[in-house]
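# Residue-level structure breakdown
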Amino acid sequence: MTTIAKKRREGRLRRHRRVRKKVHGTAARPRLAVYRSNRHLSAQLIDDDSGRTIVSASSLEADFRKQQAGGNVAAATAVGTLVAQRAKAAGITSVVFDRGGFLYHGRIAAIADAARAAGLEF
């Protein structure tokens, strides 16, 4: 890994730790954790009290990969909608958003906006 890549990763992890001090998911209001790589996106609803994932959606899923590419804003919108639909099916309507140290812009904002449009409350 190059020096610039190390600095970017360390900065993201530092921001992530800072965000995680304030954000905590419960069974009634789980944490919507988002991860972004260069090629794919994933979102999970996590209950931090019991330490388990309730619902997840990713652009790596087989059904999703057949439809479209995994690393753009359109894919982020689809992942946000999918995680919101699965959350509604599990009986969850309200979540806490965890951006994972990523800036709230582009694909991260697209996931959040799509989840809100599909019925999740932040």
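Right above here is the structure, for reference.
What counts and what doesn't
Residues numbered from 1 in each chain as written. Predicted model: local features only at pLDDT ≥ 70, side-chain atom pairs only at ≥ 80, totals over all residues. Heavy atoms only, no water. Helix = DSSP H or I, 4+ residues; strand = E, 2+ residues; numbered from the N terminus. Rg over C-alpha atoms; globule rule 2.2 N^0.38 Å. Buried < 20%, exposed > 50% of the residue type's maximum accessible area, 1.4 Å probe, protein only. Contact = heavy atoms within 4.5 Å. Areas by Shrake-Rupley, 256 points an atom, 1.4 Å probe, with all protein chains shown as cover. 1 Å grid on protein atoms, 1.4 Å probe; cavity = no way out; pocket = protein on both sides within 12 Å on 5 of 7 lines; lining within 4 Å. Points joined across faces, edges and corners; volume = space filled by probe spheres on them. Pairing = 2+ DSSP bridges. Axes fitted to C-alpha atoms, helices over the stretch in contact; angles between N-to-C directions.

## Quick look at the overall build of the chain
Summing up its helical and strand segments, the chain has 4 helices and 4 strands in all. Along the chain, from the amino end to the carboxyl end, the secondary structure elements read α-β-β-β-α-α-β-α. The C-alpha radius of gyration of the chain comes to 14 Å, within 12% of the 14 Å expected for a compact globule of 122 residues. Dimensions of the chain, computed from the C-alpha atoms along their principal axes, are close to 45 × 35 × 20 Å. Across the 122 residues in the chain, those meeting the buried criterion constitute 40%. Counting only contacts in the chain whose residues sit at least 6 apart along the sequence, the fraction spanning at least 24 positions is 59%. Carbon and sulfur atoms form 50% of the exposed surface of the chain, whose accessible area is close to 7,100 Å².

## Quick look at the layout of surface pockets
Roughly 420 Å³ of internal volume is contained in the largest pocket. Lining the largest pocket we find 15 residues, and of these Arg12, Arg36, Ser37, Asn38 and Phe102 sit closest to its centre. Among the secondary structure elements, those contributing two or more residues to the lining of the largest pocket are α1 (3-22), β1 (31-36) and α4 (107-117). With 4 residues, the single largest contributor to the lining of the largest pocket is α1.

## Focus on the sheet that holds β1
Strand pairing in a sheet relies on backbone hydrogen bonds. The paired strands run either parallel or antiparallel. Across the sheet, 4 strands lie side by side as β3-β2-β1-β4; this open sheet has mixed pairing. Strands at the two margins of the open sheet, each flanked by one partner only, are β3 (52-58) and β4 (96-98). Averaged over all pairs of adjacent strands, the angle between their axes in this sheet comes to 20 degrees, without regard to strand direction. With 6 bridges joining them, β1 and strand β2 (residues 41-47) adopt antiparallel strand pairing.

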